[in-house]
Number of protein chains: 4
Amino acid sequence: MSNSRRLRLALFGSGRIGQVHARNVAAHPNIDLAIIADPFIDGARRLAEETGARAVEDPEEVFAEQGLDGVIIGSPTNTHVDLISRSVDHGLAVLCEKPIDLDIQTVLECQQRLQGTTVPIMLGFNRRFDPHFSAVRSRVEAGEIGRLEQLTITSRDPEPAPRGYIETSGGIFRDMTIHDLDMARFFVPEIVEVSAVGSNVFSDDIEELGDFDSVVVTLRGSGGELINITNSRHCAFGYDQRLEAFGSEGLLSASNVTPTNVKKYSSAGTEESSPYLPFFLERYVQAYSAELEAFAHSIRTGAPCSPSFEDGVTALVLANAAEESATTGKTVTIGKA
Amino acid sequence: MSNSRRLRLALFGSGRIGQVHARNVAAHPNIDLAIIADPFIDGARRLAEETGARAVEDPEEVFAEQGLDGVIIGSPTNTHVDLISRSVDHGLAVLCEKPIDLDIQTVLECQQRLQGTTVPIMLGFNRRFDPHFSAVRSRVEAGEIGRLEQLTITSRDPEPAPRGYIETSGGIFRDMTIHDLDMARFFVPEIVEVSAVGSNVFSDDIEELGDFDSVVVTLRGSGGELINITNSRHCAFGYDQRLEAFGSEGLLSASNVTPTNVKKYSSAGTEESSPYLPFFLERYVQAYSAELEAFAHSIRTGAPCSPSFEDGVTALVLANAAEESATTGKTVTIGKA
Amino acid sequence: MSNSRRLRLALFGSGRIGQVHARNVAAHPNIDLAIIADPFIDGARRLAEETGARAVEDPEEVFAEQGLDGVIIGSPTNTHVDLISRSVDHGLAVLCEKPIDLDIQTVLECQQRLQGTTVPIMLGFNRRFDPHFSAVRSRVEAGEIGRLEQLTITSRDPEPAPRGYIETSGGIFRDMTIHDLDMARFFVPEIVEVSAVGSNVFSDDIEELGDFDSVVVTLRGSGGELINITNSRHCAFGYDQRLEAFGSEGLLSASNVTPTNVKKYSSAGTEESSPYLPFFLERYVQAYSAELEAFAHSIRTGAPCSPSFEDGVTALVLANAAEESATTGKTVTIGKA
Amino acid sequence: MSNSRRLRLALFGSGRIGQVHARNVAAHPNIDLAIIADPFIDGARRLAEETGARAVEDPEEVFAEQGLDGVIIGSPTNTHVDLISRSVDHGLAVLCEKPIDLDIQTVLECQQRLQGTTVPIMLGFNRRFDPHFSAVRSRVEAGEIGRLEQLTITSRDPEPAPRGYIETSGGIFRDMTIHDLDMARFFVPEIVEVSAVGSNVFSDDIEELGDFDSVVVTLRGSGGELINITNSRHCAFGYDQRLEAFGSEGLLSASNVTPTNVKKYSSAGTEESSPYLPFFLERYVQAYSAELEAFAHSIRTGAPCSPSFEDGVTALVLANAAEESATTGKTVTIGKA
C-alpha cells in the first residue's frame, strides 16, 4: 500500500471538535472529506459547504457510501460505542474522540465485540501529538535523562464549561483528567496505583453537581515511577498545559505556548510574554493535524494505532480509580489488563 | 474581484529559494503553479513533477502562456531586472527575490521604465512577514511603547556562504545587511543618515575578496530614531535573528525561534533551550507563506505591495551608503527619494 | 528595649550547620558570638578562633555564662529537646534547628513542659526566610493572585546523604519532606488531610533501610487548598527548590537560583543558564541571615517567633501522617491542635 | 604584608556616592572609616555618626591625620585632580570616582605629575565588579566562546538627571557613556577607532543644553573586534544594563537584575518578572562592595589597580572621540597611548 494513497473519510458530528477535524481533512493534500453526518443538519451543511463534503442527517448514509477508508467520530459521547462498532463492521478505520463512553461496562462490552478485528481504531487523545510533549517523550525514550523517575503534569482549563456540560461530562476525572491520565501512560504505560484528592475551591455550581473543581492525582508506574497530575477547572492566565519529566540524569520540561516569542517591557511589567494560546483548539492545532496524519498512516500501512482503543479503555479505568480514591481516601490498585 | 479567486502563477528559477516558493504555491488551497522556467532544466523538471507544474527551459514560454496572473522571480540576481520588466509588460504581477540588482544604475533605470505601471510588484523581503517581527511592528504601530526611539537588529548567519557565492554576492552590505536595512525601514520608513563599520575577524577568504565578515551599521531616521544593526557571517549557535524596539514607554523584543519550547536540565547544562531553527528556510517558513498570501492579496485586490519595488530600491541605496561609510569612515547622508 | 541592642549568643554544635550560624553571627554588626559548645572540641576550637568566640566542651558552661541573650542549637537531633528545655529554664531565647526530635511523644512532652513560657523559641525552618519564597508568600498575602487554591512545591536534593546519615535521619518524611511541610504551612497554616506515596527508584541503600528515595505528598488545607510536594533524594542538575502558588486570579512562581544571570549560547547548547547553587548552604545563604535577624528581632522586641516551636510540632505531626499514608495507602486526617 | 591587615580610610564627599562608600567601609569586617571630609558639614556629620567616622570640613585635616592607608574620593568632579595629587603626595592610596576630570588637558597634566608613583590609584568604574558582567568577562578570558569578535552593550538610565546636573555633567559621552567605554575596554583593552551618532528624541531640556539624549557608539578594537554601545537617558522599564559577548564559538549574555526570580501570571500579563533593580545604587550594590575589596587588596599587596588611573584617562579620551565623531560625522582614530 503506497504511503501517499488518497484517502476518503467520513465525519460524524459537526460541532466544535468535528469542525476541527473537517477543516484539517479539507486542508490535507491527499485526504478527502466525503460526508459529514449530523442529525443537526444545518451545522453539517454549513461545514460541508466549507470543506467540500456532502452533509447527511442519517449515519446510515455513511455506511452505505462506497469507497470510504475510515471515519472520524466527533459526535456526542453516548453515540461513540455504537458508531465504532458499526464502522468496524463495515471495515472502516476509526478515529474516535475521547472518551469511548462514560460507563466502563459499556466500554468493556464494546472492547469484547471488537476483539480480533484488524481494522485500525485510534482514540483521540490529541495531546500525544503535541510537538512539545511528544519531543519530551522522544527525548526521554532516547535516554537523555536516564531512567524516568517522576512525571509532573499541570493541566488547567481557562474557565469551567457551562453547568449543562459539566452535568453530563461524567465528572472532572472522566472528562478532564482523563487526558492527563493518558499523557501519564504515554510516558509510563503501566500504572499500578492511583491516589487522588479532590476539592471545591471556587465553583458552587460544580459543588452542587457533586463534582470537584480542583484535583490532584498521584500515580505509581510499574517501575516505581511517581506521576503527579494537578488540575483546575479555571485559570486566570489562560490554558495551562505543562509537563516535566524527571529522570536519573536530568529533567525535560515543556511549557505553555505563546503565539510569538515577543516580550514586552514597560513600567507596568517586565519581560511579559505574549498571552498563552487560549484553549485546546488553538493550543493543540498542530496536534490535531499530526493526529490525522498518524491515523492516515495507520490506514495506509496497517501500523498499530497509538493511542489505541485499549488506551481509551485504560484511561477510563484510571479515571474511575481516581474518582474512587478521591471519594474513599484510599489508594486504588490497578489490576493487570 | 473575489478575495478567493483562484490564481495561476509561474516561477523563474528552481534553486533553493525557487523550491521554497514552488512548494508554498503547490500547498496553497487556491493558487496554482503553472510553469517553472529554468535553463537548468533538470532541476526545473524535478520540482515541476513534485508540484504539479510544467517545466520549461525558455522564459519566453512563460510570457506566451495564457491565463497567468503573476510570476515569482527566484532566478539569479542578474536576470531580475529583465524578468521584472518583461513580466510587467505582459501585465503579470511580480514577486521578485531581493536584490533587484547589485548595480544601482540598473535598478534606477528599471524603476524609471516601470513608472506609472499599476501591475503589482512585490520585493521578497520575507522577514517583514515573520510572525515575531511583524507582531513587534504591529504593537509598535498600536502605540504600546509610545514613540519609537531606538531599534536594535541582530542578524548573524550560521556560517559563511561558499567563497564562490560571496564572490558574486555584491558584498555583505548588499547581500546580507540589505535584509536588516529593509527591516529598519519596516519600522522607520525614512532613513536620513547611514554610518557603518566593517571588520575581518575570522575569514581569510572573505578578506581576500575585499569584503567584511562582520559589520555594525547605525542609521538615523527622520524622526531622530537611532537604528543599530549587528551582522556576522558566522554564528556558532545557529541562525541569530533578533530585534528590539525601544520606545518612550517601553521595549518589545523578538528573540530566536526554537522548534519546541522544551528545556533540558542536566549535569552538563541548566535550562538549555532546544537549538534554534538552523537557517532562513526553517526560520522563515511561516514568513514565506505569509508573503505569498500578501502577494496573492495584492493581485486580487490591487492593494499596494509591501515591500514594494521602491522598498527594494531604497534598501540598495542604504546598502551602498553603508559600504561607502565603512570605506571612508564618514557618515553618509541620504537624500530624499 | 532598643531595636539595635547588642546581643550575645551561644552556639551548640560546630558541624556544618553550626558553622553557618557561627559565621552569620560573627558577621553581624550588633550580635556577638560568645561561646561555641561541642564535645568534639577540636571543631569547636577551630570555629571559635575564626569567629572570635570561646570554645567549650561542656554545655553547662553555656548555662553558667553571664549576660547571654540566647542560644542557637545546631547539635545532633537527639540533644535538641534537652537543650531547648534547659535554655528556656535559664531564660535564654532559642533558635533550634529542625527537627525538634524524631519522636512525637518526646516532642509533645517538651511542648507541655514549655507551656506558658515567654522565652522566644524559634524553629530553624530557614526556607521561610528565602527571599524568593517569602516574596511569593507576601504577594499571595497581599492578594495578588486572589484566593490561594493550589500550591506546588518541588524539592530535590542534589544527591542522597551517606547511608549512615539516612539510617538515623528518621526517614525521608521527617528528614527532608518536613521542610516542605512547613513551607506548605507557611502558605496554608491549617492542614486537615495528608496523602502520600513513596517509591524506591534509584537507591538500593535507601530501600534496604526501609526508607523511600522519592515521594509525592498531597495536603488539603482547611479552606480546601490542595498542596502538592514532590521530593527526590537525588537530582542530576543540582539542588531543585521551586514553588508555585496558584490562586483564583493568577499564579506566582519562584524558581531555582543561579549565582549570576549569565546565559551561554554555543553549538553544544542554547540559552544555558549558569548551574544552580549547589545545595542548601549556598541556596539559602540569605535565608540563614534573615533567620538570624528575625531571631534577634524576637529577642529584642518580644515579637512571637515564626516559625515557632508549635510550627516544629505540627511539621512533625504532618511528616508522621505522610509516612502513615504512604505505608497504609490511606489518607490521614489531621485533628485540630 | 598580611592580607587581612586592618585598614583605615578617609572619604571625601558625603553625597549620594559618598554614602555608598561610607556604608560599605563601615560594614566591612577589617576596614575602618576614620574621617569624612565635606564642606557641607551637616551631611558629613550625619554620615559620620551613622558610620562611626569623624566629620571634618577641611580636606587638610585628612592629610594631617596619622595612620591612614588611603582615601576614597566621592566629591564633585572638579575637586578630583587636586585631591588625587595631594593624596598621592601624602602616600595615601586613592579610589577616585569617575571621571578624573572633564578636561583632558587637566587629566593629562595630572597623569604626568603622578608618573612613577607606586601609590595605588584606582578609578571607580564600578561595573567591572558587577558579578554578572565580570562572570561574562572571566568566561570570555577562559576561552568559553573562542575568540571575542563582537560586544554589545546596552545601557539606559531610568530617567534623565535634573537639568542642573546635565548642565555640568560634561555631556552624555563623558558622563554616561564613559562607563560603557570602560566596560568595552574591560573586554577589549585597546580601542583603535570610535564612531558615534547622537540624537535628541525626547528631551527638549537636553537639546537646549546642546547635549544628546540618545547615542549609539561603535568601537573597533585592535584585533578587529566590533563593540556597540546603545545609550538612552531614559527607560520606562527601569535601569537597563545588559551585555552580550559574541565569539567564534558562542555568545555569553548578562541581563538585567531582579530582586527575586519570582514570576507572575495573571489575566493582565504572562510570565512577568519582578521589576528590575531601579538604578545604580541598587543594581551595583555588590559591585561597590567588590570594588572596595579590590582596592583594599591593592593597598595590602601592592597589586596593580584595575581599573587604573590610566583606564580613567583612556575612557575620557574615548568619550571625547565619541563626541567628536557624533559632531563631525567622521570616525575618529585613537593613537597609541
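What counts as what
- Within each chain, residues carry numbers counting from 1 in the order of the written sequence.
- Written order determines the labels here, with chains lettered from A and ligands numbered from 1.
- Per-residue local features are limited, in this predicted model, to residues with pLDDT of at least 70; the limit for side-chain atom pairs, both in listing and counting, is 80 or more; totals at the level of whole chains, interfaces and linings are taken over all residues.
- The basis for every side-chain value is the complete set of heavy atoms in the structure, and neither hydrogens nor water enter the calculation.
- Two strands qualify as a pair provided DSSP detects at least 2 bridges between them.
- Only DSSP runs of H or I covering at least 4 residues are called helices, and only runs of E covering at least 2 are called strands; the numbering of each starts at the N terminus.
- Only the stretch in contact is used when fitting a helix axis, every axis being a line fitted to C-alpha atoms; angles between N-to-C directions are given from 0 to 180 degrees.
- These domain limits were set by an automatic method or by a database of domain assignments.
- Two parts lose some accessible area (1.4 Å probe) when they are put together, and adding that loss for both gives the buried area.
- Any carboxyl oxygen of Asp or Glu within 4 Å of a side-chain nitrogen of Lys or Arg constitutes a salt bridge here.
- The term polar contact refers here to a pair of N or O atoms within 3.5 Å; inside protein, the definition further demands a hydrogen-donor-capable atom paired with an acceptor-capable atom, and it admits residues adjacent in sequence only when both atoms are side-chain atoms.
- We call Asp, Glu, Lys and Arg charged. Ala, Val, Leu, Ile, Met, Phe, Trp, Tyr, Cys and Pro are nonpolar, and the rest, Gly among them, are polar.
- Here, two residues are considered to be in contact whenever any of their heavy atoms come within 4.5 Å of each other.
- The definition of a nonpolar core used throughout is a set of buried Ala, Val, Leu, Ile, Met, Phe, Trp, Tyr and Cys residues joined through side-chain atoms within 4.5 Å.
- Throughout this description, buried means an accessible area under 20% of the type-specific maximum (1.4 Å probe, protein chains only), exposed means over 50%, and partly exposed covers the range between.
- UniProt positions are given in the numbering used here, feature names are shortened, and annotations may be inferred rather than shown by experiment.

Q: Report on the sheet that holds strand β1 (residues 7-12) of chain A, specifying residues and quantitative values.
A: Residue and element names in this part refer to chain A. Pairing is parallel in the open sheet, where 6 strands are placed in the order β3-β2-β1-β4-β5-β6. With partners counted over all chains shown, the strands left at the sheet margins are β3 (54-56) and β6 (121-123), one partner each. Each strand of the sheet is rotated relative to its neighbour by a mean of 20 degrees, with strand direction disregarded. As paired strands, β1 and strand β4 (residues 70-73) are joined by 4 bridges and run parallel to one another. Paired with L11 across the bridge in β4 is I72.

Q: Give a description of the sheet that holds strand β5 (residues 93-96) of chain B that names residues and reports values.
A: All names here are of chain B. The parallel open sheet is built from 6 strands, whose spatial order is β3-β2-β1-β4-β5-β6. The open sheet has two edge strands with one neighbour each: β3 (54-56) and β6 (121-123). Taking each pair of neighbouring strands and ignoring which way they run, the sheet shows an average axis angle of 20 degrees. Pairing of strand β2 (residues 31-37) with β3 involves 3 bridges; the strand directions are parallel. Within β3, the position partnered with A37 by the bridge is V56.

Q: Can you explain the domain arrangement of chain A? Please cite residues and give values.
A: Residue and element names in this part refer to chain A. Considered domain by domain, chain A is made up of domain 1 (7-119) and domain 2 (128-286 + 315-333). Domain 1 and domain 2 are separated by 27 Å when their C-alpha centres are compared. In total, domain 1 and domain 2 occlude about 850 Å² of area from one another, counting both sides; carbon and sulfur atoms represent 70% of this. When the area that domain 1 buries against domain 2 is broken down by residue, the three leading residues are R16, K98 and L102, summing to 61%. Taking the shortest distance from any N to any O, the salt bridge between K98 and D175 comes out at 3.9 Å. Linking domain 1 with domain 2 are 1 residue pair in polar contact (both at pLDDT 80 or more). Where the side of domain 1 that touches domain 2 is concerned, the elements lending two or more residues are α1 (16-27) and α5 (104-114). Ranked by residue count, the leading element in the side of domain 1 that touches domain 2 is α1, at 3 residues. Looking at side-chain class alone, the side of domain 1 that touches domain 2 contains 6 nonpolar, no polar and 4 charged residues.

Q: With reference to specific residues and values, describe the interface of chain C and chain A.
A: Chain C puts 37 residues into the contact, and the matching count from chain A is 37 residues. Across the chain C/chain A interface, buried area totals approximately 3,000 Å², and carbon plus sulfur atoms make up 54% of it. The largest share of the area that chain C buries against chain A comes from Q150, V197 and V201 of chain C, three residues that together contribute 18% of it. Where chain C meets chain A, there are 2 salt bridges. Applying the counting criterion to the chain C and chain A interface returns 18 residue pairs in polar contact (both at pLDDT 80 or more). Elements represented by at least two residues in the side of chain C that touches chain A include exactly β7 (148-156), β8 (191-199), β9 (214-221), β10 (226-232), β11 (240-247) and β12 (250-254) of chain C. Of the residues belonging to the side of chain C that touches chain A, the class tally is 11 nonpolar, 17 polar and 9 charged.

Q: Go over the nonpolar core, please, and point to the residues and values.
A: Residues and elements named next belong to chain D. Grouped together as the largest cluster of nonpolar side chains are 69 residues, with contacts concentrated most on V136, F173, F187, V194, V217 and L219. Among the elements that take part in this core, helix α8 (residues 172-187) stands out by supplying 8 residues, more than any other. Apart from the residues lying within four places of it in its own chain, the contact partners of F187 are F133, V136, R137, V140, L148, L151, L243 and A245.

Q: Account for the UniProt feature "domain: GFO/IDH/MocA-like oxidoreductase" (unreviewed entry) in chain A, with residues named and values stated.
A: On the UniProt side, "domain: GFO/IDH/MocA-like oxidoreductase" (unreviewed entry) is annotated at positions that read residues 133-252 of chain A here. Annotation note: span residues 133-252 of chain A, helix share 29%, strand share 37%, distance between end C-alpha atoms 10 Å.

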